[in-house]
Amino acid sequence: MDAYTGLRDALRHRLTGRPQAEQVLEGEETDPGVWQARLGAELAEVGADRDEQVLALARQLLALVDPEGTRTGKYQVDLRGAQQPQVGDHTVRIDTNYGPTAGTMSGPVTVQYGQLPVPPVQPEE
């Protein structure tokens, strides 16, 4: 609990002057996807993702809640030079010739296109 409280306090300090973000941080713990959607951009704007103290506290908490994952390097991801990366325990990648398609998508979903693929040329008859 001390590690959690320490990380929360460090994040609270970073979010000083941002009442809506502070309120989300102080609210009931919720699904990580919801928390990320509500606070992710705010934390990046205030530099929490580059704050060595915050990162050290987050690593400490991860080591306590998932020692095996921490030991095996589960949370150390380097995507430099990666093309079409897929990261996470519950990610889905959908490939088609023309980009992702689906009948229904729900949850926090982001679709980003780099360079759109060129449709194939129709063969001559």
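Residues numbered from 1 in each chain as written. Predicted model: local features only at pLDDT ≥ 70, side-chain atom pairs only at ≥ 80, totals over all residues. Heavy atoms only, no water.

## Thoughts on the overall build of the protein chain
Consideration 1: For the protein chain, the helix and strand inventory stands at five helices and zero strands.
Consideration 2: Put simply, the protein chain runs from its N terminus to its C terminus through helices and strands in the order α-α-α-α-α.
Consideration 3: When the 125 residues of the protein chain are sorted by exposure, 15% land in the buried category.
Consideration 4: Excluding contacts between residues fewer than 6 apart, the proportion of contacts in the protein chain whose partners are at least 24 apart in sequence is 39%. (Helix = DSSP H or I, 4+ residues; strand = E, 2+ residues; numbered from the N terminus. Buried < 20%, exposed > 50% of the residue type's maximum accessible area, 1.4 Å probe, protein only. Contact = heavy atoms within 4.5 Å.)

## Considerations on helix α1 (residues 2–14)
Every α-helix carries 3.6 residues per turn, so stepping three or four residues along brings you back to the same face.
Consideration 1: When the terminal C-alpha atoms of α1 are compared, their 18 Å separation across 13 residues agrees well with the 18 Å that a helix rising 1.5 Å per residue should span.
Consideration 2: Taken together, the buried positions of α1 are A3, L7, A10 and L11. Along the long axis of α1, the arc covered by the buried residues comes to 95°, so they all point the same way. Exposed residues pointing more than 90 degrees away from the buried face of α1 are listed as D2 and H13. (Expected span 1.5 Å × (residues − 1). Arc of directions from axis to C-beta.)

## Regarding the pattern of salt bridges
Consideration 1: For the structure on display, the rule yields seven salt bridges.
Consideration 2: R8 is the salt-bridge partner of D9, the closest N and O atoms lying 3.9 Å from each other.
Consideration 3: In this structure, the salt-bridge partner of D51 is R14, at a minimum N-O distance of 2.9 Å. A residue pair is termed long-range when its members are at least 10 positions apart, and D51 in the loop between α3 (32–45) and α4 (52–65) and R14 in helix α1 qualify at 37 residues.
Consideration 4: On the basis of relative accessible area, D51 is assigned to the buried category, the value being 16%.
Consideration 5: The class of R14 is partly exposed, set by a relative accessible area of 28%. (Salt bridge = Lys/Arg side-chain N within 4 Å of Asp/Glu carboxyl O.)

## Re the nonpolar core
Consideration 1: With 14 residues, the main nonpolar core has L7, L11, L15, L39 and L43 as its most contacted residues.
Consideration 2: Mapped by element, the contributors of at least two residues to this core are α1, α2 (19–26), α3 and α4.
Consideration 3: No other element matches the four residues that α1 contributes to this core. (Core = buried A, V, L, I, M, F, W, Y, C linked by side-chain atoms within 4.5 Å.)

## Some words on the confidence of the model for the protein chain
Consideration 1: Here the protein chain averages 76 in pLDDT, and 59% of its residues register 70 or above.
Consideration 2: For the protein chain, per-element mean pLDDT is lowest for α3, which scores 77, and highest for α4, which scores 92. (pLDDT = per-residue confidence, 0-100.)

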